[in-house]
Every structure is written in structure tokens, then in C-alpha cells.
Amino acid sequence: MTSETSPAPSAAPASAGLLVLAGTPIGDVADAPPRLARELETADIVAAEDTRRLRRLTQALGVRVGGRVVSYFEGNEAARTLELADALAGGARVLLVTDAGMPSVSDPGYRLVAAAVERDVRVTAVPGPSAVLTALAVSGLPVDRFCFEGFLPRKAGERRARLTEVAEERRTLVYFEAPHRIDDTLAAMAEVFGAGRRAAVCRELTKTYEEVRRGPLAELAAWAAEGVRGEITVVVEGAPEPDPAGLDAAELVRRVRVREEAGERRKEAIAAVAAEAGLPKREVFDAVVAAKNAEKGGA
């Protein structure tokens, strides 16, 4: 008797299309991954955040784009995603590049990846430069555990609320920020996280005028008030482990006020601070009341 074995089912996706996410230099064009040139030459479609920047990059690399070039940025991302997803489903090889760094990291890309996955299209990446990892590496702060928070809201109240959410986060924090907002952002961080919390402001990474300024948040805020230029990544030390013995009444009151100013009700703020400090809610409440009475007496 002979037996016949059926071939194992293929693990390949139903579609023959391929979405390639490629990292681009964050500064020095020499940092472009070697595979980027090949992908630019062989892709059926190149979706670029800024087609003019793409043209400058290809000229610097001495590469000729082989396929069609289309723009893919925040303003047309929703509509262009459907078009590109249809092309992928039809078997096209689509290369996605942003102005700098990896697509999807505070840049267009997530929607297209999700659409490709939904259509069973294979997604791969050409690893490349990353401002997040570069800033972490040179910051001098712990990098064994970190979280990326992207850009903070532009409005002061919303920015403070977002910072308050992570004020007691133990992991190192990484942010992107625009030069015209960096002074306000650092000042808000100093107020919410504490003036002495260590941080590093990384400016123009891998470029000619690269600068890494390290120090306490209050010191960095004073420095930034004079004006800072270029593309900026901020790395902030995580919160220290709670030490009830090390939190005096003034610090407890400060933390409650930060939360209140961010929109929390006093009762909720007191409960949260008490939990963070490992103290009874009554102790925090008494500190807040005493501070309020002291302010009235001094008025």
C-alpha cells in the first residue's frame, strides 16, 4: 500500500503585493541603509511624505526611482491609503518613506500598515535611523526601559494634562518637540515632573550642528528660553521609586495641585497622590488643608 502526503499549506499571504517601510536618514545622508537604494529602484510605487525631499535624497544617493512616486502625508493619508491598499492587493510592491526616520513613528504609515494587514498583504521593513533610539543612546539616562510619547499637545492645558498622566512613570520618557515650543514644554515638565528631574535635549542629531544638552529640567528650561533651533528630541528621566519618608507636606501639596490644574477633582487628586506615595489619603488631605489655611492666614 502506498500513501500520499499532501503538500503543506503555503504560509504566504493571499496577495502577491508587498508593503516595504523604509527608514531614511534623520540627518547625515550617509546613514541611509544600503537596501534603501535597491528598494527605491525596484518599487512599483514609492509613497513619500514629501516628494521634494525624496527627490533631494535620491539625488544625494545617486539613485533613480523606478516606479511611480505619490505623496503620502497627514493631509491626504486617509484618501491615499485606500488607493495604495488597492494597489497592494493587486500585487504591487509599495515602498513607504517619510521625511526622516521610520514610517509610522509619529509619521504617516500606521493606517497603510493596518490596511495592508487587513487585506492579507505582507509587510516588511528596511531598518534605518531613528531619532528616538539615537537620542536615548546619547542621553546618558537609563535606557533599559523607556516609553515614547511623541509630540505633546500644543495647548498649555492639554499639554499639562498629558504630562500629569506620566508624572510618576518609572521608565525613561522620550518626546519630539518643535523649536518654537521647546521652552514652554521644558518649563511645563519642570513644574509637573519636578525642577530637578534629569533630562537631555538632543538637537539636530547626526547633523553638522548636533548638540546634546543635559541637566535638570529647570536648568534646561532656562537655557531654552533664549531660543533653540532645529529638530529636537527630549529624553526625560523616569520618576524615582516612591519613598513616603522622602515626601514632605509641600511636595504632597504640589502634586495635588498639578493634578487639579490638569482637570482632576481635588478628591481624585488626593487619592492618586496618596496611592503614588504609599500614604493614607487622610495624610495627604491634611497637608492640602494645612497649606490652604496657611495661604489664607498670609493673605
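What you see is a predicted model; the values in this text were computed from it and never measured. (Residues numbered from 1 in each chain as written. Predicted model: local features only at pLDDT ≥ 70, side-chain atom pairs only at ≥ 80, totals over all residues. Heavy atoms only, no water.)

Visitor: Would you explain the side chain of arginine 255 in this entry?
Guide: Topologically, arginine 255 is positioned in helix H9 (residues 249-261). Here arginine 255 falls in the buried class, since its relative accessible area comes to 15%. Within the structure, arginine 255 has its side chain in polar contact with the side chain of glutamate 168 (distance 3.3 Å). Setting aside residues no more than four positions away along its own chain, arginine 255 makes contact with Glu168, Leu247, Val273 and Glu276. (Helix = DSSP H or I, 4+ residues; strand = E, 2+ residues; numbered from the N terminus. Buried < 20%, exposed > 50% of the residue type's maximum accessible area, 1.4 Å probe, protein only. Polar contact = N/O pair within 3.5 Å; in protein donor to acceptor, adjacent residues only side chain to side chain. Contact = heavy atoms within 4.5 Å.)

Visitor: How should I be thinking about helix H7 (residues 182-193) in this particular structure?
Guide: Residues that lie three or four places apart on an α-helix share one face, since the helix turns once every 3.6 residues. In this model H7 runs 16 Å from its N-terminal to its C-terminal C-alpha over 12 residues, within 8% of the 16 Å that 1.5 Å per residue would give. Within the span of H7, buried status applies to Ile182, Thr185, Leu186, Ala188, Met189, Ala190, Val192 and Phe193. The inward-facing, buried residues of H7 contact helix H6 (156-165), strand S7 (172-177), strand S8 (198-203), helix H8 (217-224), strand S10 (232-236) and H9. Glycine 194 lies just past H7 and shows a positive phi near 115°. (Expected span 1.5 Å × (residues − 1).)

Visitor: Could you clarify how one ought to interpret the pairing of strand S6 (residues 146-151) in this entry?
Guide: Two faces, one strand: in a regular strand the side chains alternate between the faces of the sheet. For S6 and S7, the ladder comprises five bridges, and the chain directions are parallel. The partner of cysteine 147 across the bridge, within S7, is leucine 173. (Pairing = 2+ DSSP bridges.)

Visitor: Just to check I follow, could you spell out the environment of arginine 229 for this structure?
Guide: Examined against the element boundaries, arginine 229 turns out to sit in the loop between H8 and S10. Measuring from C-alpha to C-alpha, the distance between arginine 229 and glutamate 204 comes to 8.5 Å, with 25 residues separating the pair along the chain.

Visitor: Is there a simple way to think about the packing of aromatic side chains in this case?
Guide: For any pair of aromatic rings, the description rests on two quantities: the centre-to-centre distance and the angle between the ring planes. A complete count under the given rule lists two aromatic pairs for this structure. Ring geometry for phenylalanine 148 versus phenylalanine 176: centroids 5.0 Å apart, planes at 65°, classification edge-to-face. Residue phenylalanine 148 is found in strand S6, and its partner phenylalanine 176 is found in strand S7; the two are separated by 28 residues along the sequence. Residue classification places phenylalanine 148 among the partly exposed positions, given a relative accessible area of 29%. (Phe/Tyr/Trp six-rings, centres within 6.5 Å; stacked < 30°, edge-to-face > 60°.)

Visitor: What is the right way to look at the sheet that holds S6 in this model?
Guide: Pairing between the strands of a sheet is mediated by backbone hydrogen bonds and can be parallel or antiparallel. Read from one edge of the open sheet, five strands run S6-S7-S10-S8-S9, paired in mixed fashion. Either end of the sheet is taken by a strand with one partner, and the two such strands are S6 and strand S9 (211-216). Sheet twist, expressed as the mean angle between neighbouring strand axes with direction ignored, is 15°. Lying over the sheet, H7 contacts S7, S8 and S10, oriented at roughly 10° with respect to S10. (Axes fitted to C-alpha atoms, helices over the stretch in contact; angles between N-to-C directions.)

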